[in-house]
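# Per-entry structural report
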Amino acid sequence: MNLNLNHPVAFVPTMGALHAGHESLIRIAKELADEVVVSVFVNPLQFENAEDFSIYPKMVDADRKLAEASGCSFVWFPTFEELYPDDPKIISAGEIGNLFEGMHRFGHFDGVLTVVQRLFGLIKPEFAVFGEKDFQQLFLVKQMVANLDLPVSIISAPTIREASGLAISSRNSRLTITEQANASGIAAALEAASSAKDLVMARSNLLSELKKIPGFALDYAEIIDETSFEIATTTTRQPRAIVAGWINGVRLLDNKAMLQPGTSK
Ligand code: PAF
């Protein structure tokens with residue numbers, strides 16, 4: 001397939017239902033290259049739950065408008081058949097793909113890496129921009145690029161938040177206003193952890209604040225070494241708290257860098 005792109009290309013892969021978070025990724029892409037490609041493809045391979053896949057919001061016209069207004073030069077809505085004329089060649093996300101998010105969403109990261117690698121193969125971007133909000137995804141994409149020696153630079157972009165602190169996500173629209181206000185407690189819990197003087201206090205603040213959120217069912221909350229995804233210890237130089245859980249059937253995730261040991265606020 002020839003997409004007739006002018007290289008260098010900066011690429012933003014998405015599943016659509018574009019929002020301010022995507023807008024910021026596209027604006028960052030535009031600073032990297034004139035040709036900015038946004039793909040919109042709700043990837044069935046990364047949904048372990050058929051219902052979640054079937055109700056994923058689809059809004060083609062609004063997505064095209066937002067992408068173009070943010071600086072995208074080509075919005076691509078590939079079909080499954082265009083991406084996979086033959087059976088998909090599944091990429092394994094390895095051991096780290098089975099931790100945390102992967103433990104709760106079996107096969108999710110294999111599906112993500114499979115589609116990202118396929119999109120990279122077709123678009124051949126020089127740059128690809130991923131949000132820090134999906135921190136494990138960002139880590140695994142970087143790991144795949146290094147392992148397969150793919151000729152693309154992965155650029156990470158900061159999480160965009162509502163004024164309440166709630167990390168912006170396509171799934172937030174499935175929460176009521178009250179539930180969204182409750183969900184902003186996740187960001188508050190991360191903030192309380194990040195200002196703790198050590199890891200023990202950070203873990204304790206994180207869990208106690210998360211427990212206070214009405215209707216929040218926790219899947220995991222941990223402080224990891226962001227360079228390896230191992231559990232952080234007192235010698236970890238780049239600790240990061242990661243959290244995921246549910247409010248009223250809507251999955252929410254967020255993360256935040258913690259104070260490095262030996263530094264104080
Ligand atoms: O982050 C997402 O929206 C998806 O996981 C991605 C990277 C577009 C792959 O389908």
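Note that this is a predicted model, so its numbers are computed, not measured. (Residues numbered from 1 in each chain as written. Predicted model: local features only at pLDDT ≥ 70, side-chain atom pairs only at ≥ 80, totals over all residues. Heavy atoms only, no water.)

### Concerning the side chain of N172
You can see N172 is positioned in the loop between β5 (153-157) and α8 (177-194). Those residues in contact with N172 that lie beyond four places of it in its chain are L166, A167, Q180 and L252. (Helix = DSSP H or I, 4+ residues; strand = E, 2+ residues; numbered from the N terminus. Contact = heavy atoms within 4.5 Å.)

### Focus: the packing of aromatic side chains
One pass over the structure, following the stated rule, counts nine aromatic pairs. Here the aromatic rings of F100 and Y220 are separated by 5.5 Å at their centres, their planes lie at 55 degrees, and the arrangement is tilted. Pair noted here: F100 is in the loop between α4 (80-83) and α5 (101-104) and Y220 is in strand β6 (residues 216-225), with a separation of 120 residues, a long-range link. Under the relative-accessibility criterion, F100 is labelled buried at 13%. Linked through ring pairs, F100, F135, F139, Y220 and F229 together constitute an aromatic cluster. Just above the ring of F53 sits the side chain of K58; from NZ or CZ to the centre is 5.9 Å. (Phe/Tyr/Trp six-rings, centres within 6.5 Å; stacked < 30°, edge-to-face > 60°. Buried < 20%, exposed > 50% of the residue type's maximum accessible area, 1.4 Å probe, protein only. Lys NZ or Arg CZ within 6 Å of the ring centre and 35° of its normal.)

### Observations regarding the sheet that holds strand β3 (residues 74-76)
If you trace the five strands from one edge of the open sheet to the other, you get β3-β2-β1-β4-β5, paired in parallel fashion. In this open sheet, the two edge strands, each paired with only one partner strand, are β3 and β5. Averaged over all neighbouring strand pairs, the angle between strand axes comes to 25 degrees, with direction disregarded. Across six bridges, the pairing between strand β1 (residues 9-14) and strand β2 (residues 35-40) is parallel. Pairing of P13 across the sheet is with S39, part of β2. (Pairing = 2+ DSSP bridges. Axes fitted to C-alpha atoms, helices over the stretch in contact; angles between N-to-C directions.)

### Overview of α8
Look at α8: 26 Å from first C-alpha to last across 18 residues, which is about the 26 Å you get at 1.5 Å a residue. When α8 is considered as a whole, its buried residues turn out to be E179, A183, S184, G185, I186, A187, A189, L190, A192, A193 and S194. The elements touched by buried residues of α8 are α9 (199-211), β6, β7 (239-247) and β8 (250-257). (Expected span 1.5 Å × (residues − 1).)

### Notes on the site of the ligand
Close to the ligand lie P13, T14, M15, N43, Q46, V112, V115, F130 and Q137, which account for all nearby residues. Here an oxygen atom of the ligand sits 2.6 Å away from a polar atom, N or O, in the side chain of Q46. Within the complex, the protein chains bury 88% of what would otherwise be the 290 Å² of accessible surface of the ligand. Going through the elements one at a time, β1 and α6 (108-123) are the ones with two or more residues in the shell around the ligand. Per-class residue counts for the shell around the ligand are five nonpolar, four polar and no charged. (Near = heavy atom within 4 Å. Polar contact = N/O pair within 3.5 Å; in protein donor to acceptor, adjacent residues only side chain to side chain. Areas by Shrake-Rupley, 256 points an atom, 1.4 Å probe, with all protein chains shown as cover. Nonpolar A, V, L, I, M, F, W, Y, C, P; charged D, E, K, R; others polar.)

### Regarding the pairing of β5
Relative to β5, strand β4 (residues 127-131) runs parallel, the two sharing five bridges. Looking across to β5, one finds that F130 is bridged to S156. Between the parallel elements β4 and β5, the chain passes through helix α7 (residues 135-148) in a crossover that is right-handed. (Right-handed = clockwise from strand over helix to strand, strands pointing away.)

### Things to note about the environment of R240
Within the element layout of this structure, R240 appears in strand β7. With a relative accessible area of 7%, R240 lands in the buried category. For the pair R240 and A17, spaced 223 residues apart in sequence, the C-alpha to C-alpha distance is 28 Å. Beyond its immediate stretch of four places on either side in the chain, R240 contacts E132, F135, E222, I223, I224, E226, N255, K256, A257 and M258. A distance of 2.7 Å separates a polar atom in the side chain of R240 from a polar atom in the side chain of E226.

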